[in-house]
Amino acid sequence: MTLKLHDTMVREKRGFQPQDPKRITIYVCGPTVYNYAHIGNARPPVVFDVLRRLLMKTYGESSVLFARNITDIEDKIIKAALDTGEPIAVITKKYADIYNADMLALNVLAPTVEPWATGHVPEMIELITKLVRKDYAYTGKDGVWFSVAAMSDYGKLSGRKPGDNEAGARVEPGEDKRAPEDFALWKFAKPGEPEDAIWGSPWGRGRPGWHIECSAMAAKHLGRTLDIHAGGVDLTFPHHENEIAQSECAHGEIMARYWLHNGFLDMGGEKMSKSLGNVVLVHELLKEWPGEVIRFAMLSGHYRAPLDWTPELLKQAKTTLDRIYGALRRVWEAEGGKAAYRGIRDALEDDLNTPEALAELSGIASAANTAADQNDAAMMAATRADLLAAGELLGLLTMTPKEWEQGGDADDTARIDGLVAARISARAAKDWAEADRIRKALAEEGVEIMDGAGGSTWRRI
Ligand code: AMP
Ligand code: ZN
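The structure displayed is predicted, hence computed values, not measured ones.

*Asks:* I tried to follow the coordination of the zinc ion (ligand 2) on my own but got confused; where do I start?
*Replies:* Each donor-metal-donor angle would ideally measure 109.5 degrees in four-coordinate tetrahedral geometry, or 90 or 180 degrees in six-coordinate octahedral geometry. Donor atoms from the polypeptide that coordinate the zinc ion (ligand 2) comprise Cys 29 (SG), Cys 214 (SG), His 239 (NE2) and Glu 243 (OE), at 2.1 to 2.3 Å from the metal. Coordination at the zinc ion (ligand 2) comes from four donor atoms whose angles at the metal span 75 to 128°, giving a geometry best classed as irregular. In primary sequence terms, the donor set of the zinc ion (ligand 2) follows C-x184-C-x24-H-x3-E. One end of the pair, Cys 214, is in helix α5 (residues 210–222); the other, Glu 243, is in helix α6 (residues 236–251), and 29 residues separate them in sequence. Take Cys 214: its relative accessible area is 0%, and that puts it in the buried class.

*Asks:* How do you make sense of the nonpolar core when you look at a structure like this?
*Replies:* A general trend in soluble globular proteins is that nonpolar side chains are found buried together. Ile 39, Trp 309 and Leu 361 are the most contacted members of the largest nonpolar core, which totals 73 residues. Considering every element that reaches this core, the biggest residue donor is helix α9 (residues 311–331), with nine residues. Leaving out residues up to four positions away in the same chain, Ile 39 has contacts with Leu 265, Met 272, Val 280, Val 282, Leu 285, Ile 294, Met 298 and Trp 309. In terms of nonpolar packing, the next biggest core, distinct from the first, is built from 52 residues, Ile 91, Leu 185, Ala 245 and Met 255 among them.

*Asks:* Teacher, can you tell me more about the side chain of His 211 here?
*Replies:* Tracing the backbone through its elements, the reader meets His 211 in helix α5. With relative accessibility at 9%, the residue His 211 sits in the buried group. Here Asn 242 takes part through its side chain, which lies 3.3 Å from a polar atom of the side chain of His 211. Each residue touching His 211, except ones within four places of it in the same chain, is listed here: Phe 183, Pro 238, His 239, Asn 242, Glu 243 and Gln 246.

*Asks:* So what exactly am I meant to see when it comes to the site of ligand 1 here?
*Replies:* Neighbouring ligand 1 are 14 residues, the closest being Gly 40, Gly 232, Asp 234, Leu 265 and Met 272. Separating a nitrogen atom of ligand 1 from a backbone N or O atom of Gly 40 is a distance of 3.1 Å. Within the contact set of ligand 1, an oxygen atom lies 2.3 Å away from a side-chain nitrogen or oxygen of Asp 234. Coverage of ligand 1 by the protein amounts to 85% of the 480 Å² it exposes when considered alone. Its residues placed into classes, the shell around ligand 1 shows five nonpolar, six polar and three charged. Counting contributing residues, the shell around ligand 1 receives three or more from each of domain 1 (4–262) and domain 2 (267–404).

*Asks:* Would you explain the packing of aromatic side chains in this entry?
*Replies:* For any two aromatic rings, the description comes down to two numbers: the centre-to-centre distance and the angle of the planes. Considering all chains together, one arrives at seven aromatic pairs under this definition. Considering the side-chain rings of Phe 146 and Phe 183, the 5.0 Å spacing of their centres and the 15° angle between planes classify their relative orientation as stacked. Of this pair, Phe 146 sits in strand β6 (residues 143–146) while Phe 183 sits in strand β7 (residues 183–188); the two residues are 37 residues apart in sequence, bridging distant segments of the chain. Given the relative accessible area of 0%, Phe 146 is considered buried. Taken together, the ring pairs connect Tyr 136, Phe 146 and Phe 183 into an aromatic cluster. Here the basic side chain of Arg 178 rests over the ring of Tyr 138, its NZ or CZ set 3.8 Å away from the ring centre.

*Asks:* What is the right way to look at helix α12 (residues 377–394) in this model?
*Replies:* Spacing of three or four residues puts side chains on the same side of an α-helix, whose turn is 3.6 residues. The first and last C-alpha atoms of α12 sit 26 Å apart over 18 residues, in line with the 26 Å expected at 1.5 Å per residue. Three or more residues of α12 are buried, namely Met 380, Ala 381, Thr 383, Arg 384, Ala 385, Asp 386, Leu 387, Ala 390, Gly 391, Leu 393 and Leu 394. Those residues of α12 that are buried lie in contact with α1 (43–59), α8 (291–299), α9, α10 (343–349) and α11 (354–373). Looking one or two residues past α12, Gly 395 carries a phi angle of roughly 75°, positive in sign.

*Asks:* Sorry, what's going on with the packing of α11 against α12 here?
*Replies:* Packed helix pairs are specified by the crossing angle of their axes together with the interaxial distance, meaning the distance between the axes. Packing of α11 against α12 brings their axes to within 9 Å, and their N-to-C directions diverge by 160°. Accordingly, the angle class assigned to the pair α11 and α12 is roughly antiparallel. Like other packed secondary-structure pairs, α11 and α12 cross with a definite hand, here left-handed. Here α11 contributes Ala 357, Leu 358, Leu 361, Ile 364, Ala 365, Ala 367, Ala 368, Ala 371 and Ala 372 to the contact with α12, which in turn contributes Met 379, Met 380, Thr 383, Asp 386, Leu 387, Ala 390 and Leu 394. Residue classes in the contact of α11 with α12 are distributed as 14 nonpolar, one polar and one charged.

*Asks:* Would you mind showing me how to read the pattern of salt bridges here?
*Replies:* Two side chains with opposite charge may pair up if their charged atoms get near one another. Summed over all chains, the structure comprises 34 salt bridges. Residue Lys 187 pairs with Asp 75 through a salt bridge whose shortest N-O separation is 3.8 Å. Linking Lys 187 in strand β7 with Asp 75 in helix α2 (residues 75–84), this pair joins segments that are 112 residues apart in sequence. With a closest N to O distance of 3.4 Å, Glu 349 and Arg 342 form a salt bridge. The class for Glu 349 is buried, based on a relative accessible area of 4%.

*Asks:* Which parts of the structure should I look at to understand the pairing of strand β4 (residues 64–68)?
*Replies:* Across a regular strand the side chains alternate sides, sitting on one face of the sheet and then on the other. The buried fraction of β4 amounts to four of the five residues, a majority that puts the element mostly inside the structure. In terms of handedness, the path from strand β3 (residues 24–28) via α1 over to β4 forms a crossover that is right-handed.

Rules behind the numbers
- Residues numbered from 1 in each chain as written.
- Chains lettered and ligands numbered in written order.
- Predicted model: local features only at pLDDT ≥ 70, side-chain atom pairs only at ≥ 80, totals over all residues.
- Heavy atoms only, no water.
- Donors = N, O, S within 2.8 Å, 3.2 Å for Na, K, Ca; no water.
- Tetrahedral: all angles 85-135°; square planar, octahedral: opposite > 155°, others 65-115°.
- Helix = DSSP H or I, 4+ residues; strand = E, 2+ residues; numbered from the N terminus.
- Buried < 20%, exposed > 50% of the residue type's maximum accessible area, 1.4 Å probe, protein only.
- Core = buried A, V, L, I, M, F, W, Y, C linked by side-chain atoms within 4.5 Å.
- Contact = heavy atoms within 4.5 Å.
- Polar contact = N/O pair within 3.5 Å; in protein donor to acceptor, adjacent residues only side chain to side chain.
- Near = heavy atom within 4 Å.
- Areas by Shrake-Rupley, 256 points an atom, 1.4 Å probe, with all protein chains shown as cover.
- Nonpolar A, V, L, I, M, F, W, Y, C, P; charged D, E, K, R; others polar.
- Domains from an automatic or database assignment.
- Phe/Tyr/Trp six-rings, centres within 6.5 Å; stacked < 30°, edge-to-face > 60°.
- Lys NZ or Arg CZ within 6 Å of the ring centre and 35° of its normal.
- Expected span 1.5 Å × (residues − 1).
- Axes fitted to C-alpha atoms, helices over the stretch in contact; angles between N-to-C directions.
- Parallel < 35°, antiparallel > 145°, perpendicular 65-115°, else oblique.
- Left-handed = near helix turned anticlockwise from the far one by under 90°.
- Salt bridge = Lys/Arg side-chain N within 4 Å of Asp/Glu carboxyl O.
- Right-handed = clockwise from strand over helix to strand, strands pointing away.

From the geometry alone we can't say anything about function, so treat these as descriptive.
The structure is reproduced here in structure tokens:
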């Protein structure tokens with residue numbers, strides 16, 4: 001099978017052909033860094049990480065260039081700086097670090113490039129200059145605006161045309177744009193805004209609009225025409241529509257050959273969002289669940305369908321992964337097998353059908369159990385290789401079965417290993433009180449030590 005992807009631009013699945021199989025480019029719009037990411041925000045990075053892994057498998061690891069930007073200048077960031085009195089760079093560094101740590105814990109590969117918006121203001125100014133020169137943009141008293149009427153095919157991604165995109169929208173009195181759908185390329189600084197939110201430009205001091213950030217960074221790092229541009233479905237309009245307007249009018253080339261959008265992650269029947277207040281932070285979830293459980297739960301739905309986030313979904317993911325790791329443990333010693341099973345790849349090549357791929361993964365686990373039951377060494381080695389190859393594609397099974405059974409957190413595992421080793425030394429020194437103290441302390445945090453003929457092991461209960 002060859003890869004088919006649903007392209008929002010044509011509203012159907014079509015075969016994927018890269019421009020250059022040695023240099024495949026993907027741009028995923030990244031976070032605005034002023035607070036913690038919720039699990040809905042993690043859906044695009046996780047699902048498009050699976051796409052990236054699939055492309056790496058098909059075209060070779062070094063052939064896939066993956067950019068995810070950091071939006072580190074924006075109204076909400078400025079508000080956070082004014083509220084806390086902290087410099088913008090301190091706030092954005094803090095939350096970008098947290099975001100990246102959260103994504104790594106979900107086994108999302110680090111992007112090949114991570115452009116920060118504030119590092120690209122000259123490129124944004126250059127792009128706006130081109131648009132002004134070509135009469136796609138005009139200057140008003142509040143900033144520089146993109147004139148939607150100047151672009152004949154504006155609205156082609158979302159299907160919204162100027163005039164019908166915001167029912168009843170009009171230019172408010174006091175606003176200086178020519179049409180309600182015109183959007184800001186450059187926003188002039190307002191009184192009271194912090195100095196670190198202001199840059200000089202040919203039109204006046206201020207800052208870039210959000211959409212121009214992605215147009216400039218994508219072109220600089222990946223080129224004028226991307227293979228794939230992706231993000232959440234709420235970015236289709238206006239963000240991606242406006243990125244297209246800016247990039248295509250400035251460059252005269254199409255911005256991306258495939259547009260991919262994930263559906264919403266919902267909670268309580270509504271889109272998870274900060275404004276509704278129904279959010280679960282990735283950071284908090286990771287204290288309760290191994291990253292792989294969260295990732296598995298995320299991939300249990302098709303990326304374009306809405307996904308209802310519930311405690312049951314996580315419990316189910318944990319149970320299934322326990323079963324799969326249990327099967328992996330039974331074939332773990334059987335090395336030398338060759339991965340041959342195509343089912344998971346076929347499922348992913350059909351527009352990233354991850355629910356199907358996870359069902360296939362459970363199927364391989366069953367085959368591994370059968371192989372172990374029958375003590376079939378060749379089958380055990382083959383299913384082990386298949387499980388690990390599948391894990392690599394899906395970003396799962398990155399731990400050893402032992403690490404998984406011991407709770408999954410590598411740092412914590414090392415700490416508990418250390419305590420268990422200290423107890424063994426205490427016992428060897430006949431310091432029973434100390435040995436007992438360690439055993440009780442571990443029991444209190446739910447860790448049981450098991451003394452056997454071969455030494456002491458432990459497990460979480
Ligand atoms: P935001 O912080 O709202 O700009 O969102 C960052 C990314 O997360 C964007 O790609 C959004 O489309 C995506 N996103 C936000 N909320 C959700 C949600 N509830 N479900 C899926 N994706 C979301
Ligand atoms: Zn973007």
